[in-house]
Every structure is written in structure tokens, then in C-alpha cells.
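Examination of the molecular architecture
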Amino acid sequence: MDNTIDIFDLANYGIKFAEKKAPNFKCAEIFVGKSEYTNIELEENSIKYSEIGSDHGVSIRIYNKRGSLGFAFTNKLNKRIIEKIIKNAIKMMNAGTADPNFQNLPLKYKTYPNVKKLYDTSIKTLTIEDSIEYIKELIKVCKDDDLAISQSGDFTSNCNISYVFNSNDIEVFEKETVFSISSNIIVKNKSTGETSNGYESQMKRKLKDINGTNTAIEALKNAKRNLNRIKIKPKKMPVILSPKGTINLILNPIASAINAELFQYKRSFLVDKREDVIGSKYFTLEDNALIDGAVGSSKFDGEGVPCKNKKIIDQGIFLKSGLLHNSYTAGKEGVESTGNASRRSFSSVPSIGISNFVMQTGTSSVEEMIQDVKDGIFLNSTGDSANMATGDFSGLISQGNLIIDGEIKQALNETMFGINLLDLFKNIDAVSKDYKIYGPFKAPYVRVKDVQIIGSKN
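**Looking at helix H1 (residues 7-21)**
- Helix length check: H1 (15 residues) gives 21 Å between terminal C-alpha atoms against 21 Å at 1.5 Å per residue, within 8%.
- Here H1 has its buried residues at Ile7, Leu10, Ala11, Gly14, Ile15, Phe17 and Ala18. Seen end-on, H1 carries its buried residues on one side only, within an arc spanning 165°. With respect to the buried face of H1, the exposed residues turned more than 90 degrees away are Lys16 and Lys20.
- Against strand S1 (25-43), strand S2 (46-64), helix H2 (79-95) and strand S4 (148-166) lie the buried residues of H1.
- With a side-chain oxygen lying 3.0 Å from the backbone nitrogen of Phe8, the N-terminal cap of H1 falls on Asp6.

**Observations regarding unusual backbone geometry**
- In this model, Asn45 sits at a positive phi of 60°, which is unusual for a non-glycine residue.
- Residue class for Asn45 comes out buried when judged on its relative accessible area of 10%.

**Here we look at the state of the cysteines**
- Tallied over the full model, the rule gives zero disulfides.
- Unpaired in terms of disulfides, Cys159 finds its nearest cysteine sulfur in Cys307, a separation of 18 Å.

**Some points on the environment of Glu51**
- Within the secondary structure, Glu51 is located in strand S2.
- The class of Glu51 is partly exposed, set by a relative accessible area of 26%.
- Considered as a pair, Glu51 and Tyr37 are 14 residues apart in the sequence and their alpha carbons are 8.1 Å apart.
- In this structure Glu51 touches Tyr37, Thr38, Asn39 and Ile128, once residues within four positions along its chain are discounted.
- A polar side-chain atom of Glu51 sits 2.8 Å from a polar atom in the side chain of Tyr49.

**Side note on the sheet that holds S4**
- Spatially, the six strands line up as an open sheet ordered S3-S2-S1-S4-S5-S6, and their pairing is antiparallel. Two strands in the sheet have a free side with no partner beyond their single neighbour: strand S3 (69-74) and strand S6 (195-204). Across the sheet, the mean angle from the axis of one strand to that of its neighbour is 20°, orientation sign disregarded.
- When S2 meets S3, the two strands line up antiparallel, connected through six bridges. Bridge pairing links Ser59 to Phe73 in S3.
- Across the face of the sheet, helix H4 (residues 212-225) comes into contact with S4, strand S5 (171-188) and S6 while running at roughly 150° to S6.

**Overview of a nonpolar patch on the surface**
- Where nonpolar side chains cluster on the molecular surface, the patch consists of Leu396, Met416 and Ile454 and spans about 220 Å² of accessible area.
- With respect to the element layout, Leu396 can be found in strand S15 (residues 392-396).

**A closer look at the nonpolar core**
- With 51 residues, the main nonpolar core has Ile250, Leu270 and Phe425 as its most contacted residues.
- If you tally residues by element for this core, the top one is helix H5 (residues 243-257), at seven residues.
- Setting aside anything within four residues of it in sequence, one finds Phe425 in contact with Leu249, Ile250, Ile254, Phe269, Ile278, Gly279, Ser280 and Phe283.

**Topic: the packing of H1 against H2**
- Taken N-terminus to C-terminus, the directions of H1 and H2 make an angle of 35°; their axes are 10 Å apart at the nearest point. Between H1 and H2 the crossing geometry is right-handed. Residues Asp9, Leu10, Tyr13, Gly14, Phe17, Ala18 and Lys21 of H1 pack against Lys79, Ile82, Glu83, Ile86, Lys87 and Ile90 of H2.
- Its residues placed into classes, the contact of H1 with H2 shows seven nonpolar, one polar and five charged.

**Overview of the packing of aromatic side chains**
- In total, this model carries 18 aromatic pairs according to the counting rule given.
- Aromatic side chains Tyr163 and Phe173 sit 5.6 Å apart centroid to centroid with 20° between the ring planes, which places their arrangement in the stacked category. Remark: Phe173 occurs in strand S5 and Tyr163 occurs in strand S4; sequence separation between them is 10 residues.
- An aromatic cluster is defined as three or more aromatic residues linked by ring pairs; in this entry it consists of Phe8, Tyr163, Phe165 and Phe173.
- Across the ring face of Tyr265, the terminal group of Lys332 is positioned such that the distance to the ring centre comes to 5.1 Å.

Thresholds applied
Residues numbered from 1 in each chain as written. Predicted model: local features only at pLDDT ≥ 70, side-chain atom pairs only at ≥ 80, totals over all residues. Heavy atoms only, no water. Helix = DSSP H or I, 4+ residues; strand = E, 2+ residues; numbered from the N terminus. Expected span 1.5 Å × (residues − 1). Buried < 20%, exposed > 50% of the residue type's maximum accessible area, 1.4 Å probe, protein only. Arc of directions from axis to C-beta. Contact = heavy atoms within 4.5 Å. Polar contact = N/O pair within 3.5 Å; in protein donor to acceptor, adjacent residues only side chain to side chain. Disulfide = S-S within 2.5 Å. Pairing = 2+ DSSP bridges. Axes fitted to C-alpha atoms, helices over the stretch in contact; angles between N-to-C directions. Patch = residues over 30% accessible without salt bridge, like charges linked within 9 Å, V, L, I, M, F, W, Y side chains within 5 Å. Areas by Shrake-Rupley, 256 points an atom, 1.4 Å probe, with all protein chains shown as cover. Salt bridge = Lys/Arg side-chain N within 4 Å of Asp/Glu carboxyl O. Core = buried A, V, L, I, M, F, W, Y, C linked by side-chain atoms within 4.5 Å. Left-handed = near helix turned anticlockwise from the far one by under 90°. Nonpolar A, V, L, I, M, F, W, Y, C, P; charged D, E, K, R; others polar. Phe/Tyr/Trp six-rings, centres within 6.5 Å; stacked < 30°, edge-to-face > 60°. Lys NZ or Arg CZ within 6 Å of the ring centre and 35° of its normal.

What follows is the structure in C-alpha cells.
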């Protein structure tokens, strides 16, 4: 993409061209995405791949008065190419199906929130050699430990610029940085030959907040805690979710369940539950895009709608306003967009996504929560997911440990759990004041009483 091109001038030209050429024109949008990145990949505790690259492009959405959509995109940016993709989008629009649920693209907004610390200038001087140093930190932790036998992971840096223009006079742009590092370490018990793995990651707006050593140490700790696994008998018992477990069993399912598109198709277990008590008094949740420096924060969404802070669940009550909307689902329901239009890239149409998903912390320490459990489970992760239509969640505890008399003990083998999510939410009886942030999720430790554990021991 030619950086000397005036994006604003070209986008306005494209909007006017679409208005002129499209029969029965209603509205149009031009989205421009510019991304520059560095990626270093680690395999078998050695650097296997490194890349510096870019991904730039532009897309056009155009609607007629029947609600029919045309969409096209390109990674080239000049007037001739813009005219070509607009003509292609018009052809698709003319051949498309009418959609009476489509109302309009977002109208112009007078103001946008002031969200700070989304861009780190240090990315300008970040070199491939600097990036490799973060991977070397991971490698050293693995090499220095007697039980660690291998490691995979990566380091990435991204600088993204997004522009949104439409025929309703929206004209906005934003620049941001995101840095991430991950470690997946495999350990082996030398006497038994048993192996286990542990995973940890960081995602931050500022490069100085990335710490490869701490990431690998935590991955190693998780891997060792999952060694020497034992089988247990089936029983009901309390479960303490680590922050990762909270994301797995609570935050990720809720994020899908409150997606207005899923909700409107009645594929969510929360349909007909708005204004109902769906959880205990310890369960409060918000989607907040206005936290300075947070990974999920932004001034506007993928359609140019101002972002905001939205409370989803308040002391167990699923709020009437607790759905996440883009402009299409908002128009269909007759409400305002919540500013949750999400784009994977310039080559995709907007979907719906979370910003910063924040579960409110409690007053207990993690140690106090564990000490109160005589016979229970500490659950760190499951690779399974819930049935979003019914809320039933039956899964394998891929990483979890017994809690005996207030202490975390042996790792679990061939152990599953089964619970409906609504029962899980209502059975929350403690939330920690301690929390961790993983990407857009802020998750505390959560204790859930009376979870059916399905062990394989006779």
C-alpha cells in the first residue's frame, strides 16, 4: 500500500462513486486497515521462524434500499482499483437477497471517548534482534530446569491503523499497538516417564510490560503441577476456578451467549432470561472498552460507533441492556448499537465481539478460598466448551488438582465435570480479590459449590 496516498481523500472519492453508480442506493462504507508486524516462533526450544511483514487493504460495503448487501476488498489502494471493487460490490448487491431487517449504517456521532495508552512509540525502534531477545528469555527458563524437555511459543508485535468512512458522514481513524508472548513447556518425570505440559501467555499494549522470563516460569509451574496424575471416584464437590478456568467456564460462554446475533437466532441459553437472576450475588460482569491501556479498549468499533462501558450482569441479574450489538442487530431490535462491531481484518464484514470482559473481584484471598475447602478441585483448564443453546457443560479437566484439607495436592487424570451454566453461576459462593488479565479478559479466582465430578476410579 502506498503510504503517500491520502486515505481520507480516496475514501471520500469512493463513497461518492458508490452513490453515483449504485442503483437504488441506500448507504455505503469504506474500511481501510493497515498492519505492520513482527513474529518470532519457537519450536522444540529453538527459534524456528521469524518474520517482519505487513498486511494492508481496503473493503467496501454497499446496501440498496431493499437491504441487499454487496461486499468486496483489495490489498491495493488507488482510484482505479477502488472503482473496480465498488463495481464488483454493486454487482453482488444487485444479485443479493433483500433483507428487511437491515436499517442503516451508523449515523455521524458528535463526540468520541478519550481512551489513552493504546499506542506505544517504542514499536518504531523495535528490531528483529530485539524481538528475538524475548524468545531467548523463554529458552533459558526451559534449559535451566531439569524436568523441562521441550518448549514451543512465540513473540509478536503489531502496529494497526484502522479507518472507517461511510455515506452517513462517519470519518474516524485510530492507531494502536499490541505485543504478545506465549510459552508451552513440556516436562517429564524421570522416574515414571510421565509427561505434562503447561501454558502461559501475555498480551499488552506496551512493550515494556512483556516479560518472557515470567511467562515461561508460570508455564513451567503449570506443567509441573499437572504431573503425577491420579484417578478419583465420582462425587459432587466444590471447584475453585483459576483465572484461566474462570475464562473457560464463565467468561467465554457468557461472551457468546450475549452476542445479539446468536441471541436473535435463539441459539443462546440466555434467551428469555433478561432481567432474571441467573447467578449468585457474587457475579457481576461488564464489557468495558474505555480502560486506558487495556488490550480490548478502543475509541470506536469496527463500524465507527463510539465504544462504551456496558454492565452485563449485576449481582447475578442479567440486565435487559446486557446484549452486545453491532449496527445490524441493534437496528433489528430497535436499540442503539453498543459499539461492539468487530473486524478480523479489512477482508471481513463486521461481526460482534467483546472489548474488555471484566468480572468484578471479591474480598477473599485465593489462600482463604482454598483453605475453606476440605475436599474439592482446583480447575485450571478444560479443552471442551458448553452447548450454547442449552447451557449444558460436560468436559474433561485437562489441567486440575485435588484440594485436600485446604491444600492443592495431586493432579487429576481421566476426570470430567458436568453442570449447566445457569447452575454454575448460581452456585458461585466466593470470588477472589486477586485476578489476572489475559488479553481482553480480567478474571478472578471463583469458587463454585456442588459441581458433579465424573471420575474414572472404581
